[in-house]
Amino acid sequence: MVFNSLTFVVFFAIVLLLHNLPLPWSVKKLNLLIASYLFYAAWNPPFILLLWASTIVDWLVARQINRQVVPGRRKAWLFVSLGLNLGFLGFFKYGNFMLENWQTLMAGIGVHYQPPKWDILLPIGISFYTFHSMSYTLDVYWRRVEPIKKLFDFALFVGFFTQLVAGPILRTSDLVPQFMSPRTATRKQLCWGLALITLGLFEKVVLADGVFAPVADTVFGVPFPVGMVDAYLGTLAFSGQIFCDFAGYSTVAVGAALCLGFSIPNNFRSPYAAIGFSDFWRRWHISLSTWLRDYLYIPIGGNRKGEVRTYANVMTTMLLGGLWHGANWTFVIWGGLHGIYLVAERWLKQAVVRWALPSPFVKVVLAIVTFVLVNVTWVFFRAKTLSAAVTMLKAMAGLHPQAPAILPTVNVLETVVCIVGLVWTQWYMRDRTLEDVVTQAPPAVLAAAWASLAFAVIITQGTGDAFIYFQF
Amino acid sequence: MHLSISSSESDVQQHPAVELSPLPMRFERPIPFVSWTRMVLLTSYILFVLLVAWEFEMRRMGLQPGDLDDGRGYWAVERRKVDSGPRDSVVIVGDSRILFDTDLAAWQRLTGRRPIQLALMGGNAQPILHDLANDEHFAGLLVIGTAEFSYFADPGPPPEVIRYKNSESPSQRSGIHLYRTLSRYCAFLDSNYTLFSLLGHYDWPERNGVHGPYMGVWKIAESYDDRQSYLWQRIEHDDYLREHARRVWITIFTGPQVTTGSVEQISTRTKSDIDRIRARGGEVVWIRPPSSGPLLEIERVRYPRQKVWDRLLQATSSFGIFFEDYPAMQHLRCPDGSHLSKSSAVAFTEAYVRVLREHVGFLRDRAVADSTRASE
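Residues numbered from 1 in each chain as written. Chains lettered and ligands numbered in written order. Predicted model: local features only at pLDDT ≥ 70, side-chain atom pairs only at ≥ 80, totals over all residues.

Okay, the overall build of chain A next. For chain A, the count of helices and strands is 18 helices and zero strands. Dimensions of chain A, computed from C-alpha atoms along their principal axes, come out at roughly 70 × 65 × 50 Å. Taking all 472 residues of chain A together, 50% fall into the buried category. In chain A, 76% of the contacts between residues at least 6 apart in sequence involve partners at least 24 apart. (Helix = DSSP H or I, 4+ residues; strand = E, 2+ residues; numbered from the N terminus. Buried ≥ 20, exposed ≤ 12 C-beta atoms within 10 Å, placed from the backbone. Contact = placed C-beta atoms within 7 Å.)

Structure, rendered in structure tokens:
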């Protein structure tokens, strides 16, 4: 089920109603668990079995890890959990990719093997709930958390519908303590939650699907090179689409959880106002970047083993982070470029310039440079193939001067206005929180803005298309 | 990522035994300090006023509650009827002409059977025919409505509706029902009159070679239950929209004459699918609905009847109705040159169903069987 659908409106109204009935807390949690499984099964019922398998195995394995005292046995149980989770991920997400690359490799050494095509359907959100679940067993292994006593609580943590299919990627410490005592939203929480849902839907339905997606789809969808203006507009449009799509989802997730009385942290913080790439990654998909930091980068050494090893660790983390987004070399290059940016930035900070407190003008210049370079990476993220990405970059460099214009004026105007508006808004919000801005705004302006966002969502009549991050 | 500058990692370095950053602390989301009751009431009031104003404006523009819109979800509902209904169902495939020009109630009145409407606006019937040929359950009467322009075009990949029907999720299915229910009361729920569609109705200046949405197909249909669709009544009465539609059709339909090779190739492929349906006891007939004015002239040049229509019927050994052959099907109102008005659609349906009843054994036999069953 997607948030931007009439089915979700009805579903959420029923869940809210049930959650606010005078029922025992255990019954309310059971309602939430059943609702979460219905939410997931409403997309493709059989894949709920994978979610159950991952949940049950990780809960049992975590108990075994905690019970064992012999390090080897603890490690063996950990491998059971990692094997299962990464096995599911590997088969469903990377099966075809690995097969194709194996085939290419074999062809390279003269062995021509034509395997049958696997028709594998990617279970929605598998990358997200796998990471939820894996973080738990790893935390138990590292003795950072105690095993959760009840399977029921762990199942609700993994399956909680608000963040089940596209994050934020939560840790048990984010959510499980909140399950321990009765929680329903206060009137203020409910209202603010609804406001956040409206804002998230506006980002998704109006900006991502209404404004940016048609432009990005057109520019990246044509089988011939486009002109320089169209190439830039298409790339900027995708940059707006990917942000509004994913940040929109995260905002709805945060708002929906808050309506039920649960607090989920933000997943984005004005990333297009970032000054530098480490700043960008503190603002973009925060739950993934902290997950990779805590469960990959630091365990493989982080910055504790010398400068060269640090660079290697950054690159490894970013390449795998890229691959997490999809089974295609374009994603690996996307991650690799971000790795190079981070390494270069670290080197520049240490070797060339004193980074501390640049002037406002320099900050703006650095923010623009960061935004432009991030956009270069989005070309690889959006293009279906490496050659398509290269063609697009050549178009952006003006190497296809004869290429035809393809974008209608109305799309050009919409893209320019909305991208400028988006970047300006993020710059304004760079060091502010939404809560502070709302507190300081005049009530009439706020009400008009809230009503206008809701009105725009309704009259845009979204197509109910899935969020981009569902496929990751 | 927070890879090189993490304060939490610095903490870790001071505790080498724990090589990990601390877990996030539990936190409560801050709530903005505003008067929420007043805020919600004011927001609801503004939203209500905006929606009522928008609904009035949309109705002023000719949209009506009860016009259910059309889309892949509704198509999937009808397609499933083929599988759940009797094997000898009557199914209509084709493009917008047979979709708008067929009155399902008239069909039912004259034959006792309500056809399943699977025609698609701007659609090519070839892949739908192929889909039904592959469906072993279907052994009924297939009515293929053709504008030669769409049937003799490259069908491309399988149409979205077939992929959607095969992968429709339970939530999408329930969403269709909810949308249909709301559409009965809200005129503004129309995919052709969304915020961004309306922006495309302005004639913006375009760069050389760019075709903007102004010269695209705007709303031309009104749709009801069972995908009963008619030409949108506003096209009949609004000179500007009618002229726009005519200009768009002429732009789209203009092109070179179809090649003999293409006709032969498509006819051969079509015959193969038809043969499979006939082998199961089904039947296939063809309808060429009316067009008029400059558009008809273009069609006569691009798709000469002998070379295309006659050859198709011959190659597939089929019975077909070309509107120009029957007096009752001529002089009907074709406001945009390509589709009949609602009243003419009823007259056209009655006319072509009477001809089918007379010439197609499949219908005659079923009519006898149906009346026998009824009398028993």
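There is more to say, and it comes next.
Here we take up the overall build of chain B. If you tally the helices and strands in chain B, you get 17 helices and seven strands. Relative to the globule expectation of 21 Å for 376 residues, the C-alpha radius of gyration of chain B, 27 Å, shows a markedly less compact shape. With respect to the principal axes defined by its C-alpha atoms, chain B has extents near 90 × 55 × 50 Å. When burial is assessed residue by residue, chain B has 39% of its 376 residues classed as buried. Considering only contacts in chain B between residues 6 or more positions apart, those separated by 24 or more positions represent 78%. (Rg over C-alpha atoms; globule rule 2.2 N^0.38 Å.)

Interface size is commonly expressed as the accessible area that is lost once the parts come together. Residue and element names in this part refer to chain A. Along its sequence, chain A is organised into domain 1 (21-104 + 119-183) and domain 2 (189-471). With centres defined by C-alpha atoms, the gap from domain 1 to domain 2 works out at 27 Å. At the interface, 23 residues of domain 1 touch 22 residues of domain 2. Looking at the side of domain 1 that touches domain 2, the elements with two or more residues in it are α4 (71-108), α5 (126-141) and α7 (172-179). Tallied by class, residues from the side of domain 1 that touches domain 2 come to twelve nonpolar, eight polar and three charged. (Domains from an automatic or database assignment. Nonpolar A, V, L, I, M, F, W, Y, C, P; charged D, E, K, R; others polar.)

We now examine the environment of Leu 296 of chain B. Within the secondary structure, Leu 296 of chain B sits in helix α14 (residues 293-302). C-alpha separation for the pair Leu 296 of chain B and Leu 141 of chain B, spaced 155 residues apart in sequence, amounts to 28 Å.

Turning next to the sheet that holds strand β2 (residues 116-117) of chain B. Pairing in this open sheet of five strands is parallel, and the strands run β2-β1-β3-β6-β7 (chain B) from one edge to the other. Both edges of this open sheet fall to β2 and β7 (319-322) of chain B, since each of them pairs with a single strand only. (Pairing = 2+ DSSP bridges.)

Our next topic: the environment of Arg 63 of chain A. By the secondary structure assignment, Arg 63 of chain A is in helix α3 (residues 48-67). Separated by 74 residues in the primary sequence, Arg 63 of chain A and Thr 137 of chain A have C-alpha atoms spaced 9.0 Å apart.

Right, let's get into the confidence of the model for chain A. For chain A, mean pLDDT is 89; residues scoring 70 or higher make up 95% of the total. Considering each helix and strand of chain A separately, the mean pLDDT is smallest for α4 of chain A, with a value of 83, and largest for helix α16 (residues 409-429) of chain A, with 96. (pLDDT = per-residue confidence, 0-100.)

Turning our attention to the packing of helix α6 (residues 125-134) of chain B against helix α13 (residues 260-279) of chain B. Residues and elements named next belong to chain B. It is at 9 Å that the axes of α6 and α13 come closest, and there the two elements cross at 30 degrees. Here α13 runs roughly parallel to α6, going by the angle between their axes. The handedness of the crossing between α6 and α13 comes out as left-handed. Touching Gln 126, Leu 129, His 130, Leu 132 and Ala 133 of α6 are Thr 270, Asp 273, Arg 276 and Ile 277, all from α13. Across the contact of α6 with α13, the residue classes tally to four nonpolar, three polar and two charged. (Axes fitted to C-alpha atoms, helices over the stretch in contact; angles between N-to-C directions. Parallel < 35°, antiparallel > 145°, perpendicular 65-115°, else oblique. Left-handed = near helix turned anticlockwise from the far one by under 90°.)

All names here are of chain B. In this model, chain B carries an average pLDDT of 88, and 90% of its residues clear a pLDDT of 70 or more. The model gives residues 1-18 a pLDDT under 50, and that stretch makes 40 contacts with residues more than four places away or in other chains. Predicted as a complex, the structure gets a pTM of 0.89 and an ipTM equal to 0.86.

Before going further, it helps to spend a moment on helix α1 (residues 6-19) of chain A. With 14 residues, α1 of chain A extends 20 Å from end C-alpha to end C-alpha; this agrees with the ideal 20 Å at 1.5 Å per step. Its buried side turned inward, α1 of chain A meets α2 (25-41) and α9 (228-259) of chain A together with α9 (170-183) of chain B. (Expected span 1.5 Å × (residues − 1).)

This brings us to the interface of chain A and chain B. Between chain A and chain B, the contact holds 69 residues from the first and 60 residues from the second. With twelve residues, the single largest contributor to the side of chain A that touches chain B is helix α18 (residues 443-460) of chain A. Each residue belonging to the side of chain A that touches chain B can be placed in one class, and the counts come to 37 nonpolar, 20 polar and twelve charged.

It is worth spelling out the environment of Arg 288 of chain B at this point. Residue and element names in this part refer to chain B. Mapped onto the elements, Arg 288 comes out in strand β6 (residues 283-288). Placed 14 residues apart in sequence, Arg 288 and Arg 302 show a C-alpha to C-alpha distance of 15 Å. The contacts of Arg 288, once residues within four sequence positions are left out, are Thr 146, Trp 309, Gly 320, Ile 321, Phe 322 and Phe 323.

Before going further, it helps to examine the pairing of strand β3 (residues 141-145) of chain B. All names here are of chain B. The buried fraction of β3 is high, at five of five residues. Note: β3 against β6, five bridges, orientation parallel. Looking across to β6, one finds that Leu 142 is bridged to Val 284.

All names here are of chain B. Their axes nearest at 10 Å, the elements helix α12 (residues 239-253) and α14 cross at an angle of 10 degrees. If you check the angle between α12 and α14, you find them roughly parallel. Across from Trp 249, Ile 250 and Phe 253 in α12, the residues of α14 making contact are Pro 294, Leu 295, Ile 298 and Glu 299. Of the residues assigned to the contact of α12 with α14, the class counts are six nonpolar, no polar and one charged.

With that settled, the discussion passes to unusual backbone geometry. All names here are of chain B. Its identity as a non-glycine residue notwithstanding, Asp 69 has a phi of 70 degrees, on the positive side. Here Asp 69 lies in the loop between α2 (36-60) and α3 (72-84). Located in the positive-phi region is His 331, a residue other than glycine, with phi close to 60 degrees. Of note, His 331 is situated in the loop between β7 and α16 (342-359). Assessed through the 11 C-beta atoms surrounding it within 10 Å, His 331 is described here as exposed.

So, about α5 of chain A. All names here are of chain A. Given a rise of 1.5 Å per residue, 16 residues ought to cover 22 Å, and the 22 Å separating the end C-alpha atoms of α5 matches this to within 8%. Along α5, 16 of the 16 residues are buried, which leaves the element largely enclosed by surrounding structure. The first or second residue beyond α5 is Arg 143, which carries a positive phi of 60 degrees.

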